[in-house]
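# Examination of the molecular architecture
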Amino acid sequence: MFHSLANHAARLLMKLLFACVARVRVIRRENANHDGGFLLAANHISHFDPFIISSVVRRKIDWMAMAEFFPYPVLGFLLRAVDAFPADRHRADRTTIRTAIERLKHGRIVGVFPEGGIRDGARSLLEGAPMRPGASTLAHIAGAPIVPSVIVGSDRLYSKKSWLSLRRPPIWVAFGDPIPHFPNLEKSAARARIERELAAAFKILYAELRETFSLTPDDLPHPPRERMQVELPIEEAARSHAPKLSGPRVRTFRRFTAIAIDSLMCTSMNVMQSRHRLHARSRDEFERYVAECEKLTTNDFYAVPRDCGLAGEIGDGATLTWRSPISTKFPANNIARADLFACARGWSAPTVLMLHALMSASDKGYRRWAARFNELGWNACFVHLPYHYSRVPPGYWNGELAITADLIRNAEGLRQGVIELRQLMAALRECGCREFGVLGTSYGGWIGALLAIVERDFRFLALMAPIVNVEHAIWESPASAFMRRELHRANIERSLVARHFHLSSPTHNQPLCRADCVLFVAGEFDLIARLADIEKIQQKWSGSELLRVPQGHFGYRMIRETIARLKERG
């Protein structure tokens, strides 16, 4: 029932979306709607292809999707909801093959891209490039036919103008006749025959689209990067009488998309919380915890234990692990870890601590930025925050346990993160490092702000969309609706939670370091770390700077503009 509803909702959404931004024209749609199981094999020119093809086919398509997408919690959840399944582009995966064959034998459509990735020009099947053998192998083993499909024009959607203007660029899709699996031929001969006929079908359909719709060179596939950077041709712009979008209209569009993305992510976070029903502690237990914390200062709460011998472990190694001073009931979370990226100057150079967001799905981007900092003469440390990456307990998702209705675990997780960072800084000081930087995002920005309350030696702290208003994060944020329900059930009210803010809320504290080294970065349309809240702490931390970025809480523009501003500041 869930998968059926998810597929119907996704199909309706895609039809509405692409009806608004494009004109999809289809040749022989009926070839993709006949009964029974079959492979739908299409060329691949953009990330939009599976969505567009699915929107014009009446039946549901189970797409093979790149395995790299599935570790991302939200994206992986959405892909599985619509019955997509992972495929490794670099090797034959028996699990993937078994899944595809099972679905074909149950009369379902399995969608594949025989090129193995986005291709254009001489690398494309449309221009005669060689085909990967996976589709023919699947068809032969499963005893299912292949329906070829060619899509042209979807790569135009990489251009902002295609979304922001009223042109509605055309997209063309053609479906060919089914190609049998040739059961009477020997295995290798059957596969070779399928491959030849499929390659010929791609060329025929491509030629048919070009002739039927009089396609121009600009209509044909272009590299995504080229579509992103190059504007539509002057002659096409001259033919269009659609009005150009003004600045306010662009801003309205950005606000709409940012709010839509933030809302979707908040919904997924609430769904994730309900997955394990991570209930709140009892009121009595939480009250006892808060009463003990009220006796502590920030220096007491985030006190660093005696030397744990980390300095001798740093050396030139790529990874540093040590036992966390905070013990939890999850063994995987009790081992702290930092990935080290040393510059040519060694560990006496300044070091930037990179603190990721809640449920951060990949460290690849941070590794690229670490290389950039190395080029600038900085060392870099990517820190695995509590309950993330190498510290995820079995049976849970990345970061799922870091923020839940269990407020004691939340507070202790923050404490754990700050103390471990202080241990790491102490070890680096022993190696000669005298200055530090912090690049923190969302949850990492929250921990970075708490670190600024108890540490001094910072060249900069760049806190991107940090959680600074903890009261809003718990009681008003759309990301914590499930959490609030559990807190209300446990009779834990605002006033009780507020008694811990002197230790966990950056807004209720002042930095120990110089405020002028702090750069707050806020998304103008952020629903989670609101601009007004970040403006408030920026004013309270007198001398700090505020950078506004036109995005929501989730997006990649913020880190680029943050790094650019840091370079301007020297």
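The notes below deal with the structure included here. (Residues numbered from 1 in each chain as written. Predicted model: local features only at pLDDT ≥ 70, side-chain atom pairs only at ≥ 80, totals over all residues. Heavy atoms only, no water.)

One open sheet accounts for eight strands, arranged 8-9-11-10-12-13-14-15; its pairing is mixed. Each edge of the sheet is formed by a strand with only one pairing partner; in this case those strands are strand 8 (319–323) and strand 15 (545–549). Each adjacent strand pair in this sheet contributes to an overall mean axis angle of 20 degrees, direction not counted. Pairing geometry for strand 12 (residues 436–441) and strand 13 (residues 458–464), over six bridges, is parallel. Looking at the pairing, F436 lines up with F458 of strand 13. Contacts from helix 21 (residues 531–540) reach strand 14 (518–523) and strand 15 within the one sheet, and its direction differs from that of strand 14 by about 165 degrees. (Pairing = 2+ DSSP bridges. Helix = DSSP H or I, 4+ residues; strand = E, 2+ residues; numbered from the N terminus. Axes fitted to C-alpha atoms, helices over the stretch in contact; angles between N-to-C directions. Contact = heavy atoms within 4.5 Å.)

Glancing now at the side chain of S136. Tracing the backbone through its elements, the reader meets S136 in helix 5 (residues 134–142). Contacts of S136, omitting those with residues within four sequence positions, involve I146, R191, I194 and E195.

A separate point is the pattern of salt bridges. Scanning all chains against the criterion turns up 39 salt bridges. When the shortest N-O distance is used, the salt bridge between E287 and R283 registers 3.9 Å. Linking E287 with R283, this pair stays in helix 11 (residues 283–293), spanning four residues, or about one helical turn. On the basis of relative accessibility, which here comes to 26%, the residue R283 falls in the partly exposed class. (Salt bridge = Lys/Arg side-chain N within 4 Å of Asp/Glu carboxyl O. Buried < 20%, exposed > 50% of the residue type's maximum accessible area, 1.4 Å probe, protein only.)

Glancing now at the nonpolar core. Formed by 109 residues in total, the largest nonpolar core has its most connected members in L353, L424, L439, Y443, F458 and L461. Per-element accounting of this core gives the leading share, eleven residues, to helix 15 (residues 407–430). Counting 36 residues, the second-largest nonpolar core is a separate cluster that includes A41, V112, V150 and F202. (Core = buried A, V, L, I, M, F, W, Y, C linked by side-chain atoms within 4.5 Å.)

The two faces of a sheet get side chains in turn, since along a regular strand they alternate between them. With burial as the criterion, each face of strand 5 (residues 109–112) is covered, one bearing I109 and G111 and the other bearing V110 and V112. Where strand 2 (residues 38–42) meets strand 5, four bridges bridge the pair, whose relative direction is parallel. In the strand pairing of strand 5, A41 is matched with V112. As paired strands, strand 3 (residues 61–66) and strand 5 are joined by three bridges and run parallel to one another. Paired with I61 across the bridge in strand 5 is I109.

With that out of the way, let us pick up the packing of aromatic side chains. Enumeration over the complete set of coordinates arrives at 13 aromatic pairs. Ring centres of F330 and Y396 lie 6.0 Å apart, and the angle between their planes is 75 degrees; this geometry places the pair in the edge-to-face category. Of this pair, F330 sits in the loop between strand 8 and strand 9 (335–341) while Y396 is found in the loop between strand 11 (379–384) and helix 15, placing the two residues 66 residues apart along the sequence. Overall, the relative accessible area of 24% leaves Y396 in the partly exposed class. Ring geometry for Y443 versus W446: centroids 6.3 Å apart, planes at 90 degrees, classification edge-to-face. Linking Y443 with W446, this pair stays in helix 16 (residues 443–454), spanning three residues, or about one helical turn. Judged by relative accessible area, Y443 falls into the buried class, the value being 2%. With a relative accessible area of 8%, W446 lands in the buried category. Three or more aromatic residues joined by ring pairs make a cluster, and in this case those are F330, Y387 and Y396. (Phe/Tyr/Trp six-rings, centres within 6.5 Å; stacked < 30°, edge-to-face > 60°.)

For A192, the location among the structural elements is in helix 7 (residues 187–212). Overall, the relative accessible area of 31% leaves A192 in the partly exposed class.

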